[in-house]
Structure formats: structure tokens, C-alpha cells
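The residues making up each chain are set out below.
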2 protein chains.
Amino acid sequence: MRTFEIKRHVEYYEADTTGKLSLPMILNWAVLASKKQSDTLGVGPKSYMSRGLGWVILQYEVDIVRRPEINEEITIKTFAAKYNPFFVSRPFTFFDSQGHEIIHVKSIWTMIDIDNRRMARLPQDIVDAYQAERVKQIPRIAKPTAVGVDEVFEEKSYHVRYLDIDANKHVNNSKYFEWMQDVLSPNFLSTHEITYLNLKYEAEVRLGHMVQSQVVLQDNFSKHRIMVDDVVNAEAEFKWRHTTI
Amino acid sequence: MRTFEIKRHVEYYEADTTGKLSLPMILNWAVLASKKQSDTLGVGPKSYMSRGLGWVILQYEVDIVRRPEINEEITIKTFAAKYNPFFVSRPFTFFDSQGHEIIHVKSIWTMIDIDNRRMARLPQDIVDAYQAERVKQIPRIAKPTAVGVDEVFEEKSYHVRYLDIDANKHVNNSKYFEWMQDVLSPNFLSTHEITYLNLKYEAEVRLGHMVQSQVVLQDNFSKHRIMVDDVVNAEAEFKWRHTTI
């Protein structure tokens with residue numbers, strides 16, 4: 001099992017109004033660490049795009065002790081943990097400059113055929129490069145608790161913007177967190193800090209789509225759903241703690 | 001005159017669908033260079049916030065030879081060029097790893113009283129730290145060509161989002177570029193590359209505002225306006241060149 005790490009410095013434009021690393025940036029940094037490991041091991045984009053394949057994230061589970069502040073230096077460690085023919089599990093651990101673990105991310109990835117967007121078998125030479133452990137069943141992440149059929153939810157509409165699309169021609173994964181967070185009230189967000197999230201992607205959102213970000217908030221627990229028309233594109237649950245200002 | 005430089009590596013989440021550094025990130029990196037110079041010279045946030053002051057950008061003019069691609073290493077050089085009691089002009093030059101100048105930014109800054117948001121006289125010890133040249137009149141940047149009173153424009157509405165607000169509790173300057181770019185059609189954006197922009201801020205946009213991004217596009221020239229109700233919050237002109245795909 002080959003571990004890999006990157007160091008990042010929190011810049012002002014990566015922080016939200018609290019002065020701490022924004023929720024989408026946590027995920028961008030995790031993905032960055034895995035991309036850089038893939039490049040280093042010689043199994044980066046050239047290796048899989050030439051075969052018409054691409055990596056896709058299916059689910060994230062994130063435990064947050066604290067989000068780092070502007071100017072903090074953070075180390076992100078990762079490795080491809082376990083794989084079977086179709087899935088890889090990969091953890092990411094964020095450490096502060098004192099070596100304290102402040103964020104832990106679990107993630108599940110698969111590969112798809114770029115043309116038909118269907119799941120593809122993982123090429124053996126690619127998984128071999130990471131020295132991941134082959135298993136029958138990779139460790140599952142529980143499904144996020146769904147918004148109930150009869151539950152009353154709040155919602156806001158978001159037009160998918162030109163800059164939501166990245167060089168892969170798809171909506172950057174981290175944008176879902178922006179839509180999910182933004183639907184909560186500024187008053188709630190300014191008095192609550194996120195401690196946990198579990199997000200499962202179901203279908204791809206595309207440029208020009210209008211998404212509905214729906215939320216049910218009960219005390220320190222929020223259930224989220226991203227809809228395009230009647231299709232669920234992602235579901236998530238977030239846990240929060242009240243902060244004293 | 002004290003020059004300063006930072007190095008940045010273009011990461012995947014800083015690029016748009018073209019695989020090149022996004023327009024908002026160009027401005028974020030420029031501002032980052034000036035922030036880091038201020039910190040290095042001991043005239044960072046602690047120095048001016050303790051006096052109830054804050055820096056505000058009034059206008060940008062940007063010439064773009066080319067935007068850097070993912071994984072390029074870029075050096076950004078800057079210095080506080082000239083000042084008078086109320087304004088500072090500051091250039092930023094982006095160099096690629098071969099030392100070619102690929103982006104040049106001119107900018108005009110002022111300081112405001114944080115409480116009443118009115119322009120403040122620049123503290124002498126702060127401008128002294130940069131060793132800027134004192135002048136009567138700082139070099140002006142022409143006003144962007146305005147949308148004419150009778151001109152027909154396209155427009156889209158944008159709700160100011162929680163993550164548009166940065167740690168200064170105001171809309172991050174770079175968000176205006178996102179609204180201005182997004183109102184253009186994906187077809188136009190996929191066939192045109194920006195070569196020049198001139199943006200002048202007029203009034204502050206706040207959380208909860210609904211902004212109208214208006215545009216008049218004529219060949220390779222677009223005129224932009226950001227409105228909140230009937231107030232002009234920013235005006236800009238962009239120049240484009242047609243790209244062969």
C-alpha cells in the first residue's frame with residue numbers, strides 16, 4: 001500500500017466568510033492529493049484516458065474536528081486502500097502543522113467508460129500501481145438518510161454555471177456542496193459549524209441544467225437532495241454543532 | 001520601490017472547462033501576491049484593521065497573451081507603483097516557466113473606513129513600507145465603454161451565495177467575473193478566448209442581493225454591467241479572439 005501526501009496552505013480565496021477552508025475546497029484538496037499520487041505513480045490521465053476511461057467518485061463521508069484557517073499549512077495523506085474489480089476505497093487524512101488530525105475523508109471511486117458513461121472494470125495495471133489490497137467487498141459507507149416522501153423541505157434553484165464545469169467537461173464534484181450549503185440560511189450557517197457529512201452521487205448534472213437543492217433541517221442534522229426535474233442527482237446528510245460567537 | 005513575487009501551480013479546480021486558469025482565479029492570484037507582500041512588509045491586516053481600515057480595489061485592466069494550463073508553474077510579480085493621498089496603482093505580471101510574460105494586470109486601490117465604507121486617506125507608514133513613488137495624480141485607467149442607454153442587452157439573474165462572501169464579509173471581487181462570463185453563451189465561450197478586460201467597481205454587492213448581469217456582445221467585444229435593482233455595481237468591457245478548435 002503506497003501512501004502519498006501533499007501540503008497545502010489555506011489562501012484567502014479558499015476560505016468562506018468564517019475565515020476557514022470552505023467545504024468545497026476540502027473535497028478539492030482531497031481529490032488533488034489522489035490526482036498527484038496517480039501522476040507520481042505513472043497512472044495519471046494519460047494512462048486511463050488513452051483507454052477511454054475516467055475516474056468517478058461515488059460517495060464521500062467526512063468527519064471534521066475543525067476546518068483549518070487562512071494561512072494554516074495542512075498536510076493531506078492518502079492511499080488507495082482496497083479494491084475489487086469495480087470499486088476502490090480511498091481515505092484522506094488532513095493534519096495541521098502540529099500533526100493533529102483535523103479532517104478525515106472516506107471515499108469510494110469507480111471507473112467509467114467516457115463515451116457511454118457506464119461503469120468499467122478497473123485495469124489491473126492501474127490498481128497494481130497503488131499496491132491496494134484486493135478484497136471481495138470494499139468497505140461500504142452507509143447511505144445518507146434520505147428525505148422522507150412526506151417530509152416538508154426548503155428548496156432553492158441553481159442554474160449550472162459555465163465555471164461549475166471543469167476540464168473533464170462535467171460539473172466539479174465540489175459544487176454539490178456549494179448548492180447544499182447555500183440552501184441553509186445565513187443565520188444558521190453563521191451559528192453552526194459542520195462536523196460530519198455523507199454524500200452519495202446518483203446521477204450527473206450537466207451545463208444548462210437547473211438543479212433544485214432541497215433540505216430538511218432538524219436541530220443539528222440536515223438531510224439534502226439535489227434534483228434535476230424528478231431525478232435525484234445526489235443525496236447527503238450533514239451534522240452540525242452550534243458555535244458560540 | 002519594493003518588488004515581490006509568488007509562485008503558483010495551476011491545479012485542476014482552478015481551471016475552467018478549457019483546462020486553463022479561470023478568469024476569477026487570475027484576479028485571486030493577483031490579490032494574493034499583494035496580500036503576501038503586505039504581510040512580508042509588516043503592513044498586513046493587523047496593521048490596517050486595527051485602525052478600522054481596509055483595502056478596496058476600484059478598477060482592473062488585464063491584458064492576456066494566454067491563460068496558463070493545468071500543471072503550469074507561474075510566477076506573479078508585483079509592486080506598489082505610485083500613490084497619492086487616496087489611491088495606489090499596482091501592476092501584476094504573470095510569467096510562465098520560460099520567463100514569458102503571459103498576463104499583465106493594472107489595478108487601482110484605495111482604503112476605506114470599515115465602519116462607514118467611505119474612502120480614507122492612506123496612512124503614510126503603510127505606503128512608505130512599499131516604497132511607492134508619490135505622485136500628484138496616479139496613472140488613470142480609462143473607464144470601460146458603457147452599455148448605451150438604448151442598447152439591447154442580454155441578462156441573467158444571480159443570487160449572491162453564501163460562498164461568494166469571503167472572510168472580509170463582502171463579495172469576493174472575482175465573483176463579478178463569474179457573473180459577467182456566465183451570461184455569455186456556452187457556444188460563444190467554447191469558441192472564444194479572452195484577450196483583454198477592464199472592470200470598474202462602482203458599488204458593493206451584498207449577501208442576499210439578486211444581481212442582474214447584463215451584456216451587449218458585438219463580434220469580439222462585450223460590454224458588461226452588474227446591476228442591483230437600478231444601481232450599477234460594476235461595469236466592464238472584455239475583448240475576445242476567435243479560437244480554432
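Undergrad: Sorry, what's going on with the environment of Glu101 of chain B here?
TA: Residues and elements named next belong to chain B. Relative to the assigned elements, Glu101 resides in strand β6 (residues 101–113). For Glu101 and Ile76, which are 25 residues apart along the polypeptide, the C-alpha to C-alpha distance reads 9.6 Å. Beyond its immediate sequence surroundings of up to four residues, Glu101 is in contact with Val65, Thr93, Phe94 and Phe95.

Undergrad: Help me out: how do you make sense of the relation of the copies chain A and chain B in this one?
TA: Mapping one chain copy onto the other needs a rotation about an axis and a shift along that axis. Of the two same-sequence chains, chain A is brought onto chain B (RMSD 0.0 Å, axial shift 0.0 Å) by a rotation of 180 degrees. Expressed as a symmetry operation, the mapping of one chain copy onto the other fits a two-fold axis. When each C-alpha of chain A is compared by its distance to the rotation axis, Tyr158 of chain A comes out closest, at 4.6 Å. Take the interface residues of chain A: 98% of them recur as interface residues in chain B, which is what a same-surface contact looks like.

Undergrad: Explanation requested: the interface of chain A and chain B in the structure shown.
TA: By convention, interface size is frequently given as the accessible area that disappears when the constituent parts associate. Facing the 41 residues of chain A at the interface are 41 residues of chain B. When chain A packs against chain B, the two sides together hide about 3,600 Å² of surface, and 54% of this comes from carbon and sulfur. Three residues stand out in chain A for area buried against chain B, namely Tyr12, Arg161 and Tyr162 of chain A, and they jointly supply 24% of the buried area on that side. For Glu178 of chain A, the salt bridge goes to Arg161 of chain B, with nearest N and O atoms at 3.3 Å. When residues in the side of chain A that touches chain B are grouped by element, the largest group, 10 residues, is from helix α1 (residues 23–40) of chain A. Tallied by class, residues from the side of chain A that touches chain B come to 18 nonpolar, nine polar and 14 charged.

Undergrad: Can you walk me through the domain arrangement of chain A in this structure?
TA: All names here are of chain A. Considered domain by domain, chain A is made up of domain 1 (4–134) and domain 2 (154–242). On a C-alpha basis, the centroid separation for the pair domain 1 and domain 2 is 20 Å. Taken as a group, Leu23, Tyr60 and Arg117 account for 30% of the area that domain 1 buries against domain 2, more than any other trio of residues on that side. Taken together, the connections running from domain 1 to domain 2 amount to three salt bridges.

Undergrad: Where do I start with the packing of α1 of chain A against helix α4 (residues 175–182) of chain A in this structure?
TA: The packing of two helices is summarised by the inter-axis angle and the distance between the axes. Residue and element names in this part refer to chain A. Their axes nearest at 8 Å, the elements α1 and α4 cross at an angle of 165 degrees. In terms of their interaxial angle, α1 and α4 are classed as roughly antiparallel. Here α1 runs over α4; the crossing is right-handed. Residues Leu23, Pro24 and Leu27 of α1 form the contact with α4, whose participating residues are Phe177, Glu178 and Gln181.

Undergrad: Explain the pairing of strand β13 (residues 231–242) of chain B here, please?
TA: Every regular strand shows the same layout, with side chains that alternate between the two sheet faces. Residue and element names in this part refer to chain B. One ladder, built from nine bridges, connects strand β10 (residues 192–201) with β13; its direction is antiparallel. Among the inter-strand pairings, Tyr201 is bridged to a residue of β13, identified as Ala234. Note: strand β12 (residues 221–228) against β13, eight bridges, orientation antiparallel. Bridge pairing in β13 links Phe221 to Lys239. Turn length for the β12-β13 hairpin, with the two strands adjacent in sequence and antiparallel, is two residues, and the turn residue Asp229 shows positive phi of about 55 degrees.

Undergrad: Would you mind going over the packing of aromatic side chains with me for this structure?
TA: Here a ring pair, both rings aromatic, is described through the centre-centre distance and the interplanar angle of the planes. A full pass over the atoms with the stated rule returns 16 aromatic pairs over all chains. Summarising the aromatic geometry, the rings of Trp55 of chain A and Trp109 of chain A are spaced 6.3 Å apart at their centres and angled 85 degrees between planes, so their arrangement reads as edge-to-face. Of the two residues, Trp55 of chain A is situated in strand β2 (residues 53–64) and Trp109 of chain A in strand β6 (residues 101–113); the sequence distance between them amounts to 54 residues. Residue classification places Trp55 of chain A among the partly exposed positions, given a relative accessible area of 21%. For Trp109 of chain A, a relative accessible area of 9% corresponds to the buried category. An aromatic cluster of three or more residues is present, and its members are Tyr60, Tyr176, Phe177, Trp179 and Tyr201 of chain A. Stacked on the ring of Tyr12 of chain A, the Lys or Arg Lys35 of chain B has its end atom at 4.7 Å from the ring centre. Here Lys239 of chain B stacks its cationic end above the ring of Tyr196 of chain B, 4.5 Å away from the centre of that ring.

Cut-off values and rules
Residues numbered from 1 in each chain as written. Chains lettered and ligands numbered in written order. Predicted model: local features only at pLDDT ≥ 70, side-chain atom pairs only at ≥ 80, totals over all residues. Heavy atoms only, no water. Helix = DSSP H or I, 4+ residues; strand = E, 2+ residues; numbered from the N terminus. Contact = heavy atoms within 4.5 Å. Least-squares fit on C-alpha atoms with pLDDT ≥ 70 in both. Buried area = accessible area lost by both parts, 1.4 Å probe. Salt bridge = Lys/Arg side-chain N within 4 Å of Asp/Glu carboxyl O. Nonpolar A, V, L, I, M, F, W, Y, C, P; charged D, E, K, R; others polar. Domains from an automatic or database assignment. Axes fitted to C-alpha atoms, helices over the stretch in contact; angles between N-to-C directions. Parallel < 35°, antiparallel > 145°, perpendicular 65-115°, else oblique. Left-handed = near helix turned anticlockwise from the far one by under 90°. Pairing = 2+ DSSP bridges. Phe/Tyr/Trp six-rings, centres within 6.5 Å; stacked < 30°, edge-to-face > 60°. Buried < 20%, exposed > 50% of the residue type's maximum accessible area, 1.4 Å probe, protein only. Lys NZ or Arg CZ within 6 Å of the ring centre and 35° of its normal.

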